[in-house]
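Take a look at the letters that make up each chain.
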Amino acid sequence: MTIIMAKEKQLLLLFIIGSIFLCACAGKVSSKADGANSAGTGANRIKSGAKDGDDKTNSPEYTAECVMNSLKTLDLDTFNTYTDNYVSTTRNWIGVPTAREYRVFQELLRPSFLKGKHYNRNYQLSQKITQNLSWEITGVREFGQNAEIDMNITNLDMSLATGNYIVFLLENMSQSNGVGLGSLIKDMSDLRGNMEGFLSIIDSMDSDETCTISVTLTAFKENGKWKLHISDEFINAFMGNIDSEEYPEEITLKIEELEKEIENNAAKWAEDFERKVNTWVD
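Presented here is a report on the structure given in the accompanying data block. Keep in mind it's a predicted model, so treat the numbers as computed, not measured. (Residues numbered from 1 in each chain as written. Predicted model: local features only at pLDDT ≥ 70, side-chain atom pairs only at ≥ 80, totals over all residues. Heavy atoms only, no water.)

**Topic: the overall build of the protein chain**
Definition in use: Each helix is a run of H or I in the DSSP string that is no shorter than four residues. Each strand is a run of E no shorter than two, and both are numbered from the N terminus. Here the term buried applies to any residue with accessible area under 20% of the maximum for its type, exposed to any over 50%, and partly exposed to those in between, with areas from a 1.4 Å probe on protein chains only. When checking whether two residues touch, look at their non-hydrogen atoms; a contact exists if any pair is within 4.5 Å. Here the Shrake-Rupley method, with its probe set to 1.4 Å, supplies the accessible areas, and only the displayed protein chains count as covering residues.
Summing up its helical and strand segments, the protein chain has ten helices and six strands in all. Burial statistics for the protein chain: of 282 residues in total, 44% are counted as buried. Sequence separation of at least 24 residues holds for 75% of the intrachain contacts in the protein chain that already meet a minimum separation of 6. Summed over its atoms, the accessible surface of the protein chain is roughly 14,800 Å², and 49% of this surface lies on carbon and sulfur atoms.

So, in structure tokens, the structure goes:
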């Protein structure tokens, strides 16, 4: 039973993170020009900017601002322009492109004619995860063709969302007959479908349930233009620490309590089943 619940947690994280890493989009939210023009505006403050006389629209900090604004609006055209998100293109034997590989938002970047049935689910999930982003650039260091950018990234704490959703799954299992496998299968189907349960938990979160992660991003010049490297640390930061399996003590205790309850239910169900079998045999 413990193995089943451990797999349940792993499946939840895989479905959610997979929906982002494989996430499906083609429809751009705004144009490249819109993304560029919005960079460097709003409440986000740059503590260390470009030197006087530098081209402020071709600097590491401007590039970082463009990337963060494009994430917040889910403008993936601009996001790809200012990052190394694109990895490679696969072609068939006659040279026609058949697939493109990206570091993040894989399915959201498929050609429009390849949109799958889960496109809307993945788009909504991506939008909910990035729409509350805020950030502060605290330092920039240039080394010729390379640069480092220190940034504090704040978002809704998605580890809380995943933790609360695991509690939701376990509560459903504990209230079901037997070992709760029927409930588990139903909830896993929801994750494969429209993910209404998980999305509603994100919607119910308070605006102050946030986390701030400090990261050092790397940038490099390509054809004279700065680009930001998409690292695993950066992805986890702008996704609100969704990759974490550590939850607040209250959630951890609730999960342990429910796991014990489910184990007791399973043991009782097994005893009842054994008695029934003995009755049939007799």
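**Observations concerning the packing of helix α5 (residues 119–130) against helix α8 (residues 196–204)**
Rules: Note on geometry: axes are lines fitted to C-alpha atoms, helical ones only across the stretch in contact, with angles between N-to-C directions running from 0 to 180 degrees. Oblique is the label for any angle not covered by the other classes, which are roughly parallel (under 35 degrees), roughly antiparallel (over 145) and roughly perpendicular (65 to 115). Rotating anticlockwise by less than a right angle from the far helix to the near helix defines a left-handed crossing, while the corresponding clockwise rotation defines a right-handed one. In this classification, Asp, Glu, Lys and Arg are treated as charged, Ala, Val, Leu, Ile, Met, Phe, Trp, Tyr, Cys and Pro as nonpolar, and every other residue, Gly included, as polar.
Their axes nearest at 11 Å, the elements α5 and α8 cross at an angle of 20°. Considered as vectors, α5 and α8 are oriented roughly parallel to each other. You can see that α5 and α8 cross each other, and the crossing is left-handed. Taking contact as the criterion, the partners of Gln124, Leu125 and Lys128 in α5 are, on α8, Phe198, Leu199, Ile202 and Asp203. Partitioned by chemical class, the residues of the contact of α5 with α8 number four nonpolar, one polar and two charged.

**Description of the sheet that holds strand β6 (residues 225–228)**
Counted only if it meets this: Two strands are said to pair when DSSP picks up at least two bridges between them.
The antiparallel open sheet is built from four strands, whose spatial order is β3-β4-β5-β6. On the outer flanks of this sheet lie β3 (134–143) and β6, each paired with one strand and no other. The sheet shows a mean angle of 25° between the axes of neighbouring strands, taken without regard to direction. Where strand β4 (residues 146–156) lies against strand β5 (residues 210–222), eleven bridges are found, and the strand directions are antiparallel. The residue of β5 that forms the bridge with Met151 is Val215.

**What to know about the pairing of β5**
On any regular strand, side chains alternate: one points to one face of the sheet, the next to the other face. Relative to β6, β5 is paired through four bridges, and the arrangement is antiparallel. Following the sheet pairing, Phe220 is matched in β6 by Lys227. Hairpin connection, β5 to β6: the antiparallel pair is bridged by two residues, and Asn223 has positive phi, about 55°.

**A few points about the pairing of strand β1 (residues 86–91)**
As judged from the five bridges shared by β1 and strand β2 (residues 97–102), these two strands associate in the antiparallel manner. Bridge pairing in β2 places Thr90 opposite Ala99.

**Some thoughts on the nonpolar core**
What counts is decided by this rule: Residues grouped as a nonpolar core are buried Ala, Val, Leu, Ile, Met, Phe, Trp, Tyr and Cys residues, joined through side-chain atoms within 4.5 Å.
Counting residues in each nonpolar core, the largest one holds 61 residues, and the members touching the most others are Leu71, Phe105, Ile149, Met151, Phe234 and Phe238. With nine residues, the single largest contributor to this core is helix α6 (residues 158–174). If sequence neighbours within four positions are ignored, Met151 has contacts with Ala64, Met68, Trp135, Glu136, Ile137, Thr138, Ile213, Ser214, Val215 and Leu217.

**Points about unusual backbone geometry**
One non-glycine residue with positive phi stands out, namely Phe105, at about 60°. One can find Phe105 in the loop between β2 and α5. With phi around 55°, Asn223 is a residue other than glycine that occupies positive phi space. When you line up the elements, Asn223 lands in the loop between β5 and β6. Taking relative accessible area as the criterion, Asn223 reaches 78% and is therefore assigned exposed.

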